[in-house]
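# Remarks on the overall topology
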Amino acid sequence: MYVFSILISLFLFLSSSLYADESKTDFQQLQKESQEFMMQFNKLFSASKKEEIVKIVNTKLVVLDSMIKHTINKDELKYNWAKHEYLNLIMSSMVINKKYSFDEDFAISVFNSIPPTSEIWTYGMMSASIPYAISKMLNLDKTQYIDSMLLYHPKPELRVKLIKDLLLLNKESNPEAFEHYYKLFLEMQDIPECKKFKKYLEKKNPNIGKQFKHLGYINSEEKECSIEFKKYDFYIVDCWTTWCSSCINEMEQIQKIYLAQDTSKVKFIGICIDDKIKKGNIIVDKKFHKNWMSLYSIGKFQKSFTEEYNIHSYPHKMILDAEGYILYDKVYIFELEAILNKIIK
């Protein structure tokens, strides 16, 4: 009888070990499939194949939806992983600006099941676009949630990344939000990275108040061209390149924002920092409204232009007044319409 009990215990131990190994292998396969999916997503994103992106994202969301429902209270590892993948995919897909066929009530319940201190929130997922994406896709106001994340999340590097993005995002465009996040930022001064960032934050943006150059550009016909100010109340300048997929993918959204404005008051100017004028023309002709002013900064002018306006990444948007003085710098696409509505009205 004693030997029989030992054999039963041994059998149960081996079974659990085999199940654990099988579960581990299964989870590794899920991770591999996820990596392959993101490679496909990024490839389609770079090629601007938005309809195909919507198709594969919708399929993936259905799979993750099912996995979350079937692993709850059964497999914590897979359950948490699936929730992470589900929300990450929804937020990553925001840039495509398309309607995805996911269950909003279910998505909200998934989000609400994740506390602000959860390890699900990884470094790669955290940026100032997260509150925007969640409120846009799920119609949620998560100010208190974000505040709790900033103050109590166990990973300091994540808190620092998020507060930096939020401060930079709101510094010029939303003084009230900036003041709110700056108060929270002061409560995080025990983190060394915050002390360094405070010095940077207190530096005035050298572009604000600077008059934008009106000479030194080439038009789509490869002829010298200049910008005539004083014809409009405001000018939106979008600095981009032909190799920047994010720049190109934002163009449809810029088009919608442009058409929603009083076009007698605001002018959009695209400045391509690129020598590939023919390629740029094809992109512009396909994406933009005919009233979009398309210019190029080519050759030796590129270096002086990017140095003059501290342009280190693309796209780089600015808003100018009627005389060409810079009012807002480094404007994100998801805050552009709100700023225009504010200053035009």
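Residues numbered from 1 in each chain as written. Predicted model: local features only at pLDDT ≥ 70, side-chain atom pairs only at ≥ 80, totals over all residues. Heavy atoms only, no water.

## As for the state of the cysteines
Working definition of a disulfide: a covalent bond connecting the sulfur atoms of two cysteines. Enumeration over the complete set of coordinates arrives at one disulfide. For Cys244, the disulfide goes to Cys247, at an S-S distance of 2.4 Å. The disulfide joining Cys244 to Cys247 has a torsion of about 85° about its S-S bond and is therefore right-handed. Taken as a pair, Cys244 and Cys247 share a single burial class, namely buried. Cys272 forms no disulfide, and the closest cysteine sulfur to it belongs to Cys247, at a distance of 8.4 Å. (Disulfide = S-S within 2.5 Å. Buried < 20%, exposed > 50% of the residue type's maximum accessible area, 1.4 Å probe, protein only.)

## Some points on the sheet that holds strand E1 (residues 217-219)
With respect to topology, seven strands assemble into an open sheet ordered E2-E1-E5-E4-E3-E6-E7, the strand pairing being mixed. The two strands at the open ends of the sheet, each matched to only one other strand, are strand E2 (224-225) and strand E7 (326-329). Sheet analysis places strand E4 (residues 266-272) next to strand E5 (residues 293-296), joined by four bridges and oriented parallel. Opposite Gly270, over in E5, you have Ser294 as the bridge partner. Along the sheet face, helix H10 (residues 245-259) touches strand E3 (234-240), E4 and strand E6 (316-320) and points at about 170° away from the line of E4. (Pairing = 2+ DSSP bridges. Helix = DSSP H or I, 4+ residues; strand = E, 2+ residues; numbered from the N terminus. Contact = heavy atoms within 4.5 Å. Axes fitted to C-alpha atoms, helices over the stretch in contact; angles between N-to-C directions.)

## Details of the pairing of E4
In terms of burial, E4 is largely enclosed, as seven of its seven residues are buried. Across the two faces of E4 the burial is the same, with Val266, Phe268, Gly270 and Cys272 and Lys267, Ile269 and Ile271 all buried. Sheet topology note: the E3/E4 ladder contains seven bridges and is parallel. Each bridged residue has a counterpart across the sheet, and for Tyr235 the counterpart in E4 is Lys267. At this point the chain moves from E3, through H10, to the parallel E4, and the crossover so formed is right-handed. (Right-handed = clockwise from strand over helix to strand, strands pointing away.)

## Notes on the pairing of E6
With five of five residues buried, E6 lies mostly within the body of the structure. Of the two faces of E6, both are covered, the one formed by His316, Met318 and Leu320 as well as the one formed by Lys317 and Ile319. In the sheet, E3 pairs with E6 via five bridges, with the strands oriented antiparallel. If you follow Cys239 over to E6, its bridge partner there is His316. Note: E6 against E7, three bridges, orientation antiparallel. Across the sheet, residue Met318 finds its bridge partner in E7, namely Asp329. Between E6 and E7, which pair antiparallel in sequence order, lie five residues; one of them, Gly324, sits at a positive phi of approximately 95°.

## Considering the pattern of salt bridges
Scanning all chains against the criterion turns up seven salt bridges. The salt bridge partner of Lys155 is Glu119, with a shortest N-O separation of 3.3 Å. With Lys155 in the loop between helix H6 (143-152) and helix H7 (156-170) and Glu119 in the loop between helix H4 (104-112) and helix H5 (129-138), this residue pair connects regions lying 36 residues apart in the sequence. A residue is classified by how much of its surface remains accessible, and Lys155, at 31% relative accessible area, is partly exposed. (Salt bridge = Lys/Arg side-chain N within 4 Å of Asp/Glu carboxyl O.)

None of this, on its own, says anything about what the molecule does.
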